[in-house]
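# Observations on the three-dimensional arrangement
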Amino acid sequence: MAELLLELLSEEIPARMQSRAAEDLQRLVSDGLKAAGLTFTKAESFATPRRLTLVVDGLPVAQPDLREEKKGPRVGSPEQALQGFLKGAGLASIDLAEKRATDKGEFYFAVVEKKGRSAAEVLPQILLTAMDALPWPKSMRWGDGAKRWVRPLHSLIALFDGKVLAGQVELGGTMAPVAFGNTTRGHRFMAPAPIAVSSFADYKTKLRSAFVMLDAAERKAIIKQKADQLAAAQKLTLRADEGLLEEVAGLVEWPVPLLGKIDAAFMELPQEVLVTSMRAHQKYFACLNPDGSLAQRFVVVANTQTEDNGATVIAGNERVLRARLSDAKFFWDQDRKIKLADRVPALKNIVFHAKLGTVAQKVDRIQALAHALLPFVPGADADLVRSAATLCKADLVTGMVGEFPELQGVMGRYYALAENEKREVADAIAEHYK
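Summarised in this report is the structure supplied together with it. Predicted model, so just to flag it, every value in this text is computed and none were measured. (Residues numbered from 1 in each chain as written. Predicted model: local features only at pLDDT ≥ 70, side-chain atom pairs only at ≥ 80, totals over all residues. Heavy atoms only, no water.)

## Overview of the packing of aromatic side chains
Scanning the model with the defined rule gives eight aromatic pairs in all. Residues W136 and W149 carry aromatic rings whose centres are separated by 5.2 Å and whose planes lie at 80° to one another, so their mutual orientation is edge-to-face. Here W136 is found in the loop between helix 3 (119-133) and strand 7 (153-160), whereas its partner W149 is found in the loop between helix 3 and strand 7, with 13 residues between them in sequence. Note on Y284 and F298: the rings are 4.5 Å apart at their centroids and 15° apart in plane angle, and the pair reads as stacked. (Phe/Tyr/Trp six-rings, centres within 6.5 Å; stacked < 30°, edge-to-face > 60°. Helix = DSSP H or I, 4+ residues; strand = E, 2+ residues; numbered from the N terminus.)

## A look at the sheet that holds strand 16 (residues 294-302)
Across the sheet, four strands lie side by side as 13-15-16-14; this open sheet has antiparallel pairing. Pairing within the sheet leaves two strands with one partner each, and these edge strands are strand 13 (237-238) and strand 14 (256-261). Across two bridges, the pairing between strand 13 and strand 15 (residues 285-288) is antiparallel. When the bridges of strand 15 are listed, L238 appears paired with C287. Running at roughly 5° to strand 16, helix 7 (residues 271-282) makes contact with strand 15 and strand 16 of the sheet. (Pairing = 2+ DSSP bridges. Contact = heavy atoms within 4.5 Å. Axes fitted to C-alpha atoms, helices over the stretch in contact; angles between N-to-C directions.)

## Here we look at the side chain of R219
With respect to the helices and strands, the residue R219 is situated in helix 5 (residues 216-233). Buried charge R219 goes without a salt bridge, the closest partner of opposite sign being D215 at 6.4 Å. Among the polar contacts listed, one links the side chain of R219 to the backbone oxygen of A249, at a separation of 2.8 Å. Aside from chain neighbours lying at most four places away, what touches R219 is Q18, A47, T48, P49, M213, L214, A249, G250, V252, E253 and P255. (Buried < 20%, exposed > 50% of the residue type's maximum accessible area, 1.4 Å probe, protein only. Lys, Arg positive; Asp, Glu negative; His and termini not counted. Salt bridge = Lys/Arg side-chain N within 4 Å of Asp/Glu carboxyl O. Polar contact = N/O pair within 3.5 Å; in protein donor to acceptor, adjacent residues only side chain to side chain.)

## Focus on the pairing of strand 10 (residues 178-181)
Two strands pair when backbone bridges link them, and strand 7 and strand 10 are joined in this way by two bridges, in the parallel orientation. The residue bridging L156 from the neighbouring strand is F180, located in strand 10. Inspection of the sheet shows strand 9 (residues 168-169) paired to strand 10 by two bridges, in the antiparallel sense. In the strand pairing of strand 10, Q168 is matched with A179.

## Quick notes on the sheet that holds strand 6 (residues 105-114)
Reading across the sheet, the three strands line up as 4-6-5 and stay open at both edges, with antiparallel pairing between neighbours. The sheet terminates laterally at strand 4 (66-74) and strand 5 (98-102), the two strands that pair on one side only. Between one strand and the next, the sheet's axes are offset by a mean angle of 35°, whatever the strand orientation. Sheet contacts for helix 2 (residues 79-89): strand 4 and strand 6; angle to strand 4, the most-contacted strand, approximately 170°.

## A few points about the pattern of salt bridges
By the definition in use, this model includes 26 salt bridges. K329 is the partner of E268 in a salt bridge, and the nearest nitrogen-oxygen pair spans 3.7 Å. Placement of E268 in the loop between strand 14 and helix 7 and of K329 in helix 8 (residues 311-335) is noted, with a sequence separation of 61 residues between them. Taken together, the shared-partner salt bridges connect E268, K329, D333 and R336 into one network.

## As for helix 4 (residues 200-209)
Given 3.6 residues per turn, any residue in an α-helix points the same way as the ones three and four places further on. Along helix 4, the residues that are buried comprise F200, D202, Y203 and L207. Taken down its axis, helix 4 places every buried residue within 155° of arc, on the same side. In helix 4, the exposed residues that point more than 90 degrees away from the buried face are A201 and S209. Where helix 4 is buried, its residues touch strand 1 (2-10), strand 2 (42-48), strand 3 (51-59), strand 7, strand 11 (183-185) and strand 12 (194-196). Just beyond helix 4, the residue with positive phi is F211, at close to 65°. (Arc of directions from axis to C-beta.)

Worth remembering: the numbers are spatial, not functional.
In structure tokens:
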């Protein structure tokens, strides 16, 4: 039994596509192997920002020999029927067919024995077919080539039983094809030199020495563990964010969590603004104080180790965050200069749906529905309901929601409280999206 190792090295693959692409590659190659009669014991796929890897264990070195029986026409059938049967069975003469008695008479049978091809002959086409069938959500061409791939393809490892398979990926145009080989590269900055490998074990070990963690689950665990340690050293906790953890693990091949600081001037901003700005734009993890409030710290995950233990990286990220939060603070300060009620007329300028009119018309319908439901909700206050229905969409025309659409409703609540609206109205603005 032998091992198949496949690696596709390219420019950075978007983090959101990596896990699915690895699964699709494993599925497509596995289906191709089964269709070719090549059984295996185990298949496993991996993804990093720059590579998709597949290893298949327990493959035979050749396809099994096949013995196939084909039933032909009845003995004594016309010559035309006999010739059609011979052609379909690949026989040169009817004398090579067997005569067998059945309950419906005597018929010709052809026994075709097909010698299995070596796996090394069959595998290249299986791999190329799987690559072409990989369903990327978005793909691209580069140079003047016609080949589409998620990002420009650099190299391809295709090893079977320790030997390079014969094959190449045609890119088209004047682009040189990418030949199957046994060479990859490590970390883009810390170990960019070519690395020759002979097996999956050798491949994984050498990548590790070249600052590449192949397994996304390991990268996630390292990020979580070290980020928790950094926060704990400051008597803080890391704000739970599984989605961000998954994404960041797809952005780095050698994760190095570092602890940064938020300028005190920005801590007056709503917690949701700080978290959203750090998360959406910078992929930073927020930290929490013992009382659950947002701390003046964040964790950034670098992709390199530096001689100054990340000091320059931290300073650079703090500078970028300062600029981001300066914009957010500007929106926060400016938005509060105009009352939510005064923003409602501007909703006439936003189309909700081509056949349903503007957001202002939608607000009118919300008001009408809320008024109609009032009698059926015990204890409902008509004035508070009317205010909430009128103001619920007003924050859509604020600068903050324009910058962070995911904060619609949330910011409306903050602005309503700042204007001394009843808390019930403010909460309704935030919660009506639910």
